[in-house]
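What the coordinates show
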Amino acid sequence: MKHLKLFTVSLLLFQTALGLADDPPSTHGMLIFGDKTIYASHLPMFHRPHDYQAILEVQLPARAAALYRRDRVQTHSRVYTISPEQFVLPNVVAGRTSFNADLYRGHFERGGTLIAAGLTVKIKDVVHFRKFEGGATHPAQLQYLVFGQGAETFLAHFITAAPDFDQILSVSGAPPRRPRLITIAGHEASSPLREGEEFNGFQAGPEIYLETGDLE
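The shown structure was predicted, so the numbers you read here are calculated from the model rather than taken from an experiment.

1. So, the pairing of strand 5 (residues 98-105)
The pairing of strand 4 (residues 80-84) with strand 5 spans 4 bridges and is classified as antiparallel. For Thr81, the partnering residue across the bridge sits in strand 5 and is Tyr104. In terms of strand pairing, strand 5 meets strand 6 (residues 113-131) through 7 bridges, oriented antiparallel. Looking at strand 6, one finds that Leu103 is bridged to Ala116.

In structure tokens form, the structure reads like this:
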């Protein structure tokens, strides 16, 4: 989808103007992934105030970023999450500001290991932001957001309606100039991509994260 990034940011600002930013403050856990460029993906649910798909380019403090990269190499872990301070998600994203958070190896609510506390996470860019639509239906075929920088390209499943799944994968192939939405023909919308599958000029690499329970 052309100019998806500009569209989603504009939509975010429009939603905020409509008062959708009146959500109560909450802890918006996020997946952390990427190496040279670090991304944060909101861990969504279909109920307020967590009913948003948000992918952000973020900056961690230098020491924390070095620790995160070193820990990934030493432990071969794929899942890292942050537990932020409470805030209203649309307000923080629309302002492209910063927030405080603790960094965990693994899921912070499921036995994850704290590796850095009290970090200031800066939002450098908004890759994608969208509030889930009430009454939405699943697309006929799989859809993913493709994005990245340099040698790193990622896919994020385009979440629409319950039951659904949240999935982040690395893929081979150069990232597009702007994040865009792709449809994978001949693939059922309810079936996640698997490592090695080829599609639209890409090949799926290792899965970083898959969640179904929070989106039932």
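2. Examining unusual backbone geometry
In this structure, the amide linkage connecting Arg48 to the following residue, Pro49, adopts the cis form with an omega of 5°. Mapped onto the secondary structure, Pro49 falls in the loop between strand 2 (38-42) and strand 3 (52-59). Between Ala162 and Pro163 the backbone carries a cis peptide bond, its omega angle lying at -10°. Residue position: Pro163 is located in the loop between strand 8 (152-157) and strand 9 (166-172). The backbone phi angle of Arg96 is positive, close to 45°, even though this residue is not glycine.

3. Side note on the pattern of salt bridges
Evaluation of the coordinates by the stated rule reveals 9 salt bridges. The partner of Asp51 in a salt bridge is Lys131, and the shortest N-O contact between them spans 2.9 Å. Pair noted here: Asp51 is in the loop between strand 2 and strand 3 and Lys131 is in strand 6, with a separation of 80 residues, a long-range link. Several salt bridges converge on common partners, so that one network encompasses Asp35, Arg69 and Arg72.

4. Side note on the environment of Ile123
One can find Ile123 in strand 6. The exposure class of Ile123 is buried, given its relative accessible area of 7%. For the pair formed by Ile123 and Tyr39, sequence separation is 84 residues and the distance between their alpha carbons is 9.3 Å. Here Ile123 is in contact with Leu56, Glu57, Val92, Val93, Arg96, Thr97 and Phe99, once residues within four sequence places are set aside.

5. Looking at helix 2 (residues 62-75)
The end-to-end C-alpha distance of helix 2 is 20 Å, a good match for the 20 Å that 14 residues give at a rise of 1.5 Å each. Among all positions in helix 2, only Ala64, Ala65, Tyr68 and Asp71 are buried. An end-on view of helix 2 places all buried positions within 130° of arc, on one side of the element. In helix 2, those exposed residues whose orientation departs by more than 90 degrees from the buried face are Ala62, Arg63, Val73 and Gln74. Among the structural elements, strand 1 (30-33), strand 2, strand 4, strand 5 and strand 6 are those in contact with the buried residues of helix 2. In the segment just after helix 2, His76 is the residue with positive phi, at about 60°.

6. A few points about the packing of aromatic side chains
Taken as a whole and judged by the stated rule, the model has 12 aromatic pairs. Measuring from centroid to centroid gives 5.3 Å for Tyr68 and Tyr80, while their planes differ by 85°, and the two rings are edge-to-face. Of this pair, Tyr68 sits in helix 2 while Tyr80 sits in strand 4, placing them 12 residues apart in sequence. Of the two residues, Tyr68 and Tyr80, neither departs from the other in class, the shared state being buried. Ring-pair connections join several aromatic residues into one group, and the members of that group are Phe33, Tyr39, Phe147 and Phe154.

7. Overview of the nonpolar core
Counting residues in hydrophobic clusters, the biggest one holds 28 residues, and the most contacted among them are Met30, Ile32, Ile82, Phe99 and Leu103. When residues of this core are traced back to their parent elements, those giving at least two are strand 1, strand 2, strand 3, helix 2, strand 4, helix 3 (89-95), strand 5 and strand 6. For this core, the leading source of residues is strand 6, giving 7 residues. Other than its neighbours up to four places away in sequence, Leu103 contacts Ile32, Tyr68, Thr81, Ile82, Thr113, Leu114, Ile115, Ala116 and Leu119. Residues Phe33, Leu43, Phe108 and Phe147 belong to the second largest nonpolar core, which totals 17 residues.

Cut-offs used in this document
Residues numbered from 1 in each chain as written. Predicted model: local features only at pLDDT ≥ 70, side-chain atom pairs only at ≥ 80, totals over all residues. Heavy atoms only, no water. Pairing = 2+ DSSP bridges. Helix = DSSP H or I, 4+ residues; strand = E, 2+ residues; numbered from the N terminus. Salt bridge = Lys/Arg side-chain N within 4 Å of Asp/Glu carboxyl O. Buried < 20%, exposed > 50% of the residue type's maximum accessible area, 1.4 Å probe, protein only. Contact = heavy atoms within 4.5 Å. Expected span 1.5 Å × (residues − 1). Arc of directions from axis to C-beta. Phe/Tyr/Trp six-rings, centres within 6.5 Å; stacked < 30°, edge-to-face > 60°. Core = buried A, V, L, I, M, F, W, Y, C linked by side-chain atoms within 4.5 Å.

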